[in-house]
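If you want the building blocks of each chain, they are given just below.
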Amino acid sequence: CSDVDTDTIECTATYDMQFYDTPGTDAYTVEITTQDVSTTSDTDSEAFSYSTLKALDLDATTIEFGDLAISATGTVLGDTDMGDAAEPTIQNDGNVIIDIGMIGEALTGADTITVDNSAYRFDDGIYVPFTAIKVTNTINLAVGASSLNKIDFQLTIPVGSLPGAYSADIGVTSE
């Protein structure tokens with residue numbers, strides 16, 4: 001609190017909410033009680049809404065398969081540790097249960113490798129080929145600070161591909 005003038009004090013308080021706190025209209029209330037030097041007091045409250053947030057964090061910024069021979073399949077296995085970007089992990093950074101949208105593109109470099117030669121899976125499930133159209137995967141990733149899910153990636157180099165470095169973008173979205 002700080003003095004504004006001889007009969008006014010201004011106070012500021014902070015309450016840190018968590019990203020996973022339950023959303024809702026008028027879901028939370030702030031209550032303020034004031035008291036003067038003669039112990040006269042007054043209390044007032046105001047409800048506020050906490051918006052719904054669908055968000056995720058993928059700890060890997062790149063997925064690298066290394067050198068693969070023609071017709072070979074490489075994998076990058078995920079984990080449930082947000083501190084290891086070499087092993088991809090998804091975290092629900094919102095306050096509602098989410099599913100995961102996945103979209104890919106063809107790999108380009110010395111040649112073009114079609115998008116369906118790359119795939120992904122969650123929690124050791126079956127590999128799902130990437131498509132150029134977003135696919136929503138129902139995984140019901142829970143809310144909370146420890147809401148983690150591993151994601152694995154796979155790439156097969158088709159017969160007839162030219163040797164060289166290839167790259168592509170993928171999209172991982174909360175749905």
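Structure's up top.
Residues numbered from 1 in each chain as written. Predicted model: local features only at pLDDT ≥ 70, side-chain atom pairs only at ≥ 80, totals over all residues. Heavy atoms only, no water.

A.B. asks: Would you take a moment to explain a negative patch on the surface for this structure?
C.D. replies: A cluster of acidic side chains, namely Asp26, Glu31, Asp42, Asp44 and Glu46, defines a negative patch on the protein surface. Mapped onto the elements, Glu31 comes out in strand 3 (residues 24–35). Judged by its relative accessible area of 60%, Glu31 falls in the exposed class. (Patch = residues over 30% accessible without salt bridge, like charges linked within 9 Å, V, L, I, M, F, W, Y side chains within 5 Å. Areas by Shrake-Rupley, 256 points an atom, 1.4 Å probe, with all protein chains shown as cover. Salt bridge = Lys/Arg side-chain N within 4 Å of Asp/Glu carboxyl O. Lys, Arg positive; Asp, Glu negative; His and termini not counted. Charge placed at Lys NZ, Arg CZ, Asp CG, Glu CD. Helix = DSSP H or I, 4+ residues; strand = E, 2+ residues; numbered from the N terminus. Buried < 20%, exposed > 50% of the residue type's maximum accessible area, 1.4 Å probe, protein only.)

A.B. asks: Explain the state of the cysteines here, please?
C.D. replies: As used here, a disulfide is simply a covalent bond connecting the sulfur atoms of two cysteines. Scanning all chains against the criterion turns up one disulfide. In this model Cys1 forms its disulfide with Cys11; the gap between the sulfur atoms is 1.8 Å. Its S-S torsion of approximately 110° makes the covalent link between Cys1 and Cys11 right-handed. Placement of the pair is Cys1 in the segment before strand 1 (2–5) and Cys11 in the loop between strand 2 (8–10) and strand 3, with a sequence separation of ten residues. (Disulfide = S-S within 2.5 Å.)

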